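Survey of secondary and tertiary structure
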Amino acid sequence: GAEYIDSYVFNKAEYIRFNSTVGKYVGYTEHGVKNAETWNKGSELAQELGELERYCKPNTAIDYSVALDKT
């Protein structure tokens, strides 16, 4: 299966990430952990999950079928 990752970087350091396998935001710094807690409870998580349904899943099926056609 495919995995959708949306990383947020500040000063060249990743501080928060949405990972479709985990299904929520994960923080990597003190600030990122606080944001992850807030974003997982708010509209940000719904927006990421919407992007996953709207864009990733349909295009994954297309990309997979194209890859199969080429083999």
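Residues numbered from 1 in each chain as written. Predicted model: local features only at pLDDT ≥ 70, side-chain atom pairs only at ≥ 80, totals over all residues. Heavy atoms only, no water.

The strand order 1-2-3 describes an open sheet built from three strands, whose pairing is antiparallel. Either end of the sheet is taken by a strand with one partner, and the two such strands are strand 1 (5-10) and strand 3 (24-27). With direction set aside, neighbouring strand axes in the sheet form an average angle of 20°. Where strand 2 (residues 13-19) lies against strand 3, four bridges are found, and the strand directions are antiparallel. Its bridge partner being in strand 3, F18 is matched across the sheet by Y25. (Pairing = 2+ DSSP bridges. Helix = DSSP H or I, 4+ residues; strand = E, 2+ residues; numbered from the N terminus. Axes fitted to C-alpha atoms, helices over the stretch in contact; angles between N-to-C directions.)

Attention now moves to the pattern of salt bridges. The tally for this structure, following the rule as stated, stands at two salt bridges. In this structure, E14 and R17 form a salt bridge, with 2.8 Å as the shortest nitrogen-oxygen distance. Here E30 and K34 are joined by a salt bridge, their closest N and O atoms 3.7 Å apart. Taken together, the positions of E30 and K34, both in helix 1 (residues 30-41) and four residues apart, correspond to about one turn of that helix. (Salt bridge = Lys/Arg side-chain N within 4 Å of Asp/Glu carboxyl O.)

The next subject is the side chain of N19. Tracing the chain through its elements places N19 in strand 2. In this structure N19 comes out as buried when scored by relative accessible area, which is 11%. Among the polar contacts listed, one links the side chain of N19 to the side chain of E3, at a separation of 3.3 Å. In this structure, N19 is in contact with E3, Y4, I5 and K24, ignoring residues within four places of it in sequence. (Buried < 20%, exposed > 50% of the residue type's maximum accessible area, 1.4 Å probe, protein only. Polar contact = N/O pair within 3.5 Å; in protein donor to acceptor, adjacent residues only side chain to side chain. Contact = heavy atoms within 4.5 Å.)

By themselves, these observations are geometric and do not establish any function.
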